[in-house]
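For reference, the chains in residue letters:
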Amino acid sequence: MRRLVILGGGTAGTMAANKLRRRLNLDQWQITVVDQTDEHLYQPGLLLLPFGTYQAKDLIRPRRRFLSSGVDLVLGDIERVFPVERKVLLADGHRLPYDYLVIATGTSPRPDQTPGLLGPQWRRSIFDFYTLDGAAALAQALETFQGGRLVVHIVDMPIKCPVAPLEFMFLAEAFFRGRGRRDKVELVYVTPLPGAFTKPIASAQLGSMLDERGIAVEPDFLVERVDDHTLVSYDERTVPFDLLVTVPLNMGAEYVARSGLGDELNYVPVDKHTLLSRTSDRIFALGDANNIPTSKAGSVAHFEVESFVDNFVAHVDGRPMTDRFDGHANCFVESGDGRALLIDFNYDTEPLPGSYPLPGVGPLRLLGESRLNHWGKLAFRWLYWHVLLPGRPVPLPARMSMAGKHQTPRME
Ligand SMILES: Cc1cc2nc3c(=O)[nH]c(=O)nc-3n(C[C@H](O)[C@H](O)[C@H](O)COP(=O)(O)OP(=O)(O)OC[C@H]3O[C@@H](n4cnc5c(N)ncnc54)[C@H](O)[C@@H]3O)c2cc1C
């Protein structure tokens, strides 16, 4: 019996387990998924929870329910991987030997990494929305915020879903306008980037949308500490706030560092086309846990898994891996008032305007706002539970296509 152990039963780990379950002969393979909890959280819903679109119960399902029969689930905290001995040690002392290992333990917000963030103002006037507790607490804070300076802030990149803080800003603007409080709220977007987003064309488009909505931007801001109600940068700039919505530093799991498998942020260095670890040909890393130069997003996890599965089957049979993951990512960007943009890009092509998936027809608009894009974002939750996680086929190519994209960007 050959043993495949998948660390992390979130978006990438669940999809990989279910797809490989259909491709590997279960008389010869044992597939085990390890996760610390039996609760699978639909993380994109955390953006909408503070604005009352969802409640916590809408976003959580039992993890076991989404793993096909024939896949074992072990619940426990991963303590360490021993790559030479090919064993995983859990915090309760349990040991899991493996022949092949997939690391899919994602990335987590680490407010402890910024001095002052977890001080007396945490969850009083400082909130995050990347955790279920944080998003729920923020819902209360927004409801009672009568006016003042609301600052949305990113500590450093990379973060998962890099557009989520921008979306939060657009939604907050529409939220306060809808409640007749917009003139009492000053909105400021504080980012370590030189502009609104990582890629130039999208950054210009999203930057002008912030401008149109009267939202100030504080670029190139690398926070050093939080002093009471003020962000202080390394170059001693200060941004005061009454309410701070921060996206703390995101880091991979600690056991990755303990196992000597990670970079300085605990991400696993891999080949960006095959997702095979750079230090062990028995280890792959999928989803947010790896260090590939594209967005950390559920869509990336999905497209990665599509190409990984063929490569994995070839690799364990001793054949070359011929599928090359191209860094494909796509993301709906909520812009408020029931509208959203869609961006689609990969390692080589930045988000461009146009239509998706069909040239000229769409029906979704790339880098432009539409109501249909917003409905696409809401429909995605159903698709996630019922199509993506079970590993069912999606009628969209995993590789990014140039069809429908305007290569010479035109301003609309
Ligand atoms: C607010 C927000 C909005 C988002 N919006 C979008 C969006 O619109 N579109 C999009 O594509 N993506 C979005 N994302 C990103 C998306 O949710 C993630 O990129 C995706 O879930 C990554 O999948 P993953 O499997 O790599 O990690 P995860 O799904 O996070 O799974 C990691 C798993 O590992 C487990 N784990 C971690 N450490 C340990 C340990 N030591 N021991 C045992 N188990 C462990 C965790 O419990 C978890 O189940 C959003 C994320 C957030 C936070």
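A brief report on the enclosed structure follows.

Cut-offs used in this document
- Residues numbered from 1 in each chain as written.
- Predicted model: local features only at pLDDT ≥ 70, side-chain atom pairs only at ≥ 80, totals over all residues.
- Heavy atoms only, no water.
- Salt bridge = Lys/Arg side-chain N within 4 Å of Asp/Glu carboxyl O.
- Helix = DSSP H or I, 4+ residues; strand = E, 2+ residues; numbered from the N terminus.
- Buried < 20%, exposed > 50% of the residue type's maximum accessible area, 1.4 Å probe, protein only.
- Pairing = 2+ DSSP bridges.
- Axes fitted to C-alpha atoms, helices over the stretch in contact; angles between N-to-C directions.
- Contact = heavy atoms within 4.5 Å.
- Parallel < 35°, antiparallel > 145°, perpendicular 65-115°, else oblique.
- Left-handed = near helix turned anticlockwise from the far one by under 90°.
- Nonpolar A, V, L, I, M, F, W, Y, C, P; charged D, E, K, R; others polar.
- Near = heavy atom within 4 Å.
- Polar contact = N/O pair within 3.5 Å; in protein donor to acceptor, adjacent residues only side chain to side chain.

### As for the pattern of salt bridges
It is possible for side chains bearing opposite charge to pair when their charged atoms get close.
Move 1: Following the criterion strictly, the structure yields 25 salt bridges and no others.
Move 2: One salt bridge connects D35 with R63, and the closest N-O pair in it is separated by 3.3 Å. Taken as a pair, D35 in strand β2 (residues 29-35) and R63 in the loop between β4 (60-62) and β5 (71-75) lie far apart in primary sequence, 28 residues in all. Both residues of the pair, D35 and R63, count as buried.

### Some details on the sheet that holds strand β20 (residues 283-285)
Move 1: Taking strand neighbours across the sheet as the criterion, the 5 strands line up as β5-β2-β1-β9-β20 in an open arrangement whose pairing is parallel. Looking along the sheet, the strands with just one partner apiece sit at the ends: β5 and β20. Going from strand to strand, the sheet's axes swing by 20° on average, the running direction of each strand aside.
Move 2: Relative to β20, strand β9 (residues 100-103) runs parallel, the two sharing 3 bridges. When the bridges of β20 are listed, I103 appears paired with A285.
Move 3: Its contacts with the sheet put helix α6 (residues 298-316) on β1 (2-7), β2, β9 and β20, and the angle it makes with β9 is roughly 160°.

### Examining the sheet that holds strand β8 (residues 95-97)
Move 1: The 3 strands are arranged β6-β7-β8 in an open sheet whose pairing can be described as antiparallel. The outermost strands of the open sheet, each flanked by one partner alone, are β6 (78-82) and β8. Strand-to-strand twist across the sheet, computed as the mean angle between neighbouring axes with direction ignored, equals 20°.
Move 2: The sheet contact formed by strand β7 (residues 87-90) and β8 spans 3 bridges and is antiparallel. Across the sheet, K87 pairs through a bridge with P97, a residue of β8.

### Describing the packing of helix α1 (residues 11-23) against α6
Each packed pair of helices is defined by two parameters, the angle between the axes and the distance between the axes.
Move 1: Running from amino to carboxyl end, α1 crosses α6 at an angle of 30°, the nearest separation of the two axes being 9 Å. The orientation of α1 with respect to α6, classified from their angle, is roughly parallel. In the crossing of α1 with α6, the sense of the turn from one axis to the other is right-handed. Only G298, A301, H302, V305, E306, F308, V309, D310, F312 and V313 of α6 make contact with α1, whose side of the interface consists of T11, A12, M15, A16, K19, L20 and R23.
Move 2: For the contact of α1 with α6, the class distribution of residues is 10 nonpolar, 3 polar and 4 charged.

### Concerning the site of the ligand
Move 1: Lining the immediate surroundings of the ligand are 28 residues, of which T11, A12, D35, Q43 and D288 lie closest.
Move 2: The separation between an oxygen atom of the ligand and a polar side-chain atom of Q43 is 2.9 Å.
Move 3: D288 is positioned with one of its backbone polar atoms (N or O) 2.8 Å from an oxygen atom of the ligand.
Move 4: For the shell around the ligand, the secondary-structure elements that each account for two or more residues are α1 and α6.
Move 5: Class assignment of the residues belonging to the shell around the ligand gives a composition of 11 nonpolar, 11 polar and 6 charged.

### A closer look at the pairing of strand β16 (residues 230-233)
Move 1: Two strands pair when backbone bridges link them, and strand β15 (residues 223-227) and β16 are joined in this way by 4 bridges, in the antiparallel orientation. Looking at β16, one finds that R225 is bridged to V232.
Move 2: Connecting β15 to the antiparallel partner β16 that follows it, the hairpin turn spans 2 residues, and D228 within it adopts a positive phi of roughly 50°.
Move 3: In this structure, the hairpin formed by β16 and strand β17 (residues 238-240) is closed by a connection of 4 residues, where E236 is found at a positive phi of approximately 65°.

### Some remarks on the side chain of N311
Move 1: Along the polypeptide, N311 turns up in helix α6.
Move 2: Judged by its relative accessible area of 2%, N311 falls in the buried class.
Move 3: If near-sequence neighbours (up to four positions away) are discounted, N311 is found in contact with H273, T274, M321, T322 and D323.

### Re unusual backbone geometry
Move 1: In this structure, the amide linkage connecting Y356 to the following residue, P357, adopts the cis form with an omega of -5°.
Move 2: For the peptide bond that leads from G362 to P363, omega is 10°, which places it in the cis range.
Move 3: Of note in this structure, R86 is not a glycine but carries a positive phi near 55°.
Move 4: Of note, R86 is situated in the loop between β6 and β7.
Move 5: According to the relative accessible area criterion, R86 is partly exposed, its value standing at 27%.

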